[in-house]
Amino acid sequence: MSARASWDICTGVSRDTVNNQQLGSKLRDAAPAVEEAAETYRAAALTSTLHTLKAQDFQITGVPSGKVSDIVYESGMRGGPGRVIYEAVMEGRDEDLCPMCRHSDVSELDHVLPKKAFPALCVAPDNLVGICEFCNSKKGDFTSDDARRVLLHPHFENVSTGAWLAAKVIPGTKGALKYSVDPPPHWGPVLADRVRNQFKFMEMATRYGSRAQQTLSGMRQMFDTQLKKSGATGLRVYLKDLAASHQANDLNGWAGVAYDAWAENDDFCRGSFNGTGIPAARGRNLGLPSYKITWVQNNCRQTSAVCYSAAAVGDYADLKRAKEGVSDVRIVPAR
């Protein structure tokens, strides 16, 4: 559906009253300007230049931006005749996973450019994307005029054709993974930075690592059976097959990358996932959970609920330091 048609539907029942100074007519009369704004937006999205758009160029003449979003989007789309458009955007996806994080189920409708800052785009289908609750809350009204920090647009930008997600087993753990971005050679520096920034902003390393741990907990018995049946080499082949199966569906999905990372780790394939097979040279209790992490957030000092090994605690401390709003991260002995 075009932005013009969406706007016409969502403003069709807006009324003119003595007290609102013919607000309904003002909104309906703005349809040509809305159509032009949507064309400008689409051109920018197609060329990855959304960061160049200015909010002042997407206002509705004579109507405050907050009132536009309240009437046209909240009343006209979410709770009015435009609800069918809302539902079409939410349901018109190839998959159920959030396109921003590829981790959680889609549950909410997001405006790529905020509806109150860019009211002319508040019901433009190109500006509406179904995402998960976490990403919608995290994103909020975030925008940037820095090309390297602009979040990817799910409707117009596809980075799934090349492998860019990587993971490694954290030394001294039973298979805990540290995820990262490893851009393919053909990416330019701007795109690489955008993906890295989005990966960090959406806390994808922590979320993927947590999901991988949950999966590992449920697969340990299966891995142990495979190890006893066919040895380390057989387990590696088994893990590689699982990785290939998942990556055939989603090249950069956390699951396929997890199985591949476990397959590439010699200690894991020898049994470190259940506490065995770690070379004696590691020694000195590096595998024992003897440390915790403390940090300051919202002016309060907090402490991790879990303990980490000496070999792993530094990596977890680095992940914590990378989080926005966190300071004074310390490693302390667990008591």
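Residues numbered from 1 in each chain as written. Predicted model: local features only at pLDDT ≥ 70, side-chain atom pairs only at ≥ 80, totals over all residues. Heavy atoms only, no water.

**A word on the sheet that holds strand S6 (residues 300-303)**
If you trace the 3 strands from one edge of the open sheet to the other, you get S6-S5-S7, paired in antiparallel fashion. Because the sheet does not close on itself, it has two edges, and the strands there are S6 and strand S7 (326-333). If you compare each strand with its neighbour and ignore which way they point, the axes differ by 20° on average. The pairing of strand S5 (residues 291-297) with S7 spans 6 bridges and is antiparallel. Pairing of Gln-297 across the sheet is with Val-326, part of S7. Contacts from helix H11 (residues 313-321) reach S5 and S7, with the element oriented near 165° to S7. (Pairing = 2+ DSSP bridges. Helix = DSSP H or I, 4+ residues; strand = E, 2+ residues; numbered from the N terminus. Axes fitted to C-alpha atoms, helices over the stretch in contact; angles between N-to-C directions. Contact = heavy atoms within 4.5 Å.)

**Some details on the packing of helix H8 (residues 204-249) against helix H9 (residues 254-264)**
Two numbers describe how H8 lies on H9: the axes approach to 8 Å, and their chain directions differ by 40°. By the angle between their directions, the pair H8 and H9 is classed as oblique. Handedness of the H8/H9 crossing: right-handed. Residue classes in the contact of H8 with H9 are distributed as 15 nonpolar, 4 polar and 5 charged. (Parallel < 35°, antiparallel > 145°, perpendicular 65-115°, else oblique. Left-handed = near helix turned anticlockwise from the far one by under 90°. Nonpolar A, V, L, I, M, F, W, Y, C, P; charged D, E, K, R; others polar.)

**Digging into helix H5 (residues 83-91)**
Each turn of an α-helix holds 3.6 residues, which means side chains three or four residues apart point in the same direction. If you check which residues of H5 are buried, you get Ile-85, Tyr-86, Val-89 and Met-90. Down the axis of H5, the smallest arc covering the buried residues is 135°, so these residues share one side. With respect to the buried face of H5, the exposed residues turned more than 90 degrees away are Val-84 and Glu-91. Its buried side turned inward, H5 meets helix H1 (3-11), helix H4 (65-78), strand S1 (108-111) and strand S2 (128-131). (Buried < 20%, exposed > 50% of the residue type's maximum accessible area, 1.4 Å probe, protein only. Arc of directions from axis to C-beta.)

**Regarding the packing of aromatic side chains**
Within the structure shown, the criterion is met by 12 aromatic pairs. Centre to centre, the rings of Phe-223 and Phe-268 are 5.9 Å apart; their planes meet at 70°, and the pair counts as edge-to-face. With Phe-223 in helix H8 and Phe-268 in helix H10 (residues 266-269), this residue pair connects regions lying 45 residues apart in the sequence. You can call Phe-268 buried: its relative accessible area is 0%. Taking the centre distance of 5.6 Å and the plane angle of 80° together, the rings of Tyr-259 and Trp-262 count as edge-to-face. One end of the pair, Tyr-259, and the other, Trp-262, are both in helix H9, 3 residues apart, so they sit about a helical turn from each other. In terms of burial, Tyr-259 and Trp-262 fall into one category: buried. (Phe/Tyr/Trp six-rings, centres within 6.5 Å; stacked < 30°, edge-to-face > 60°.)

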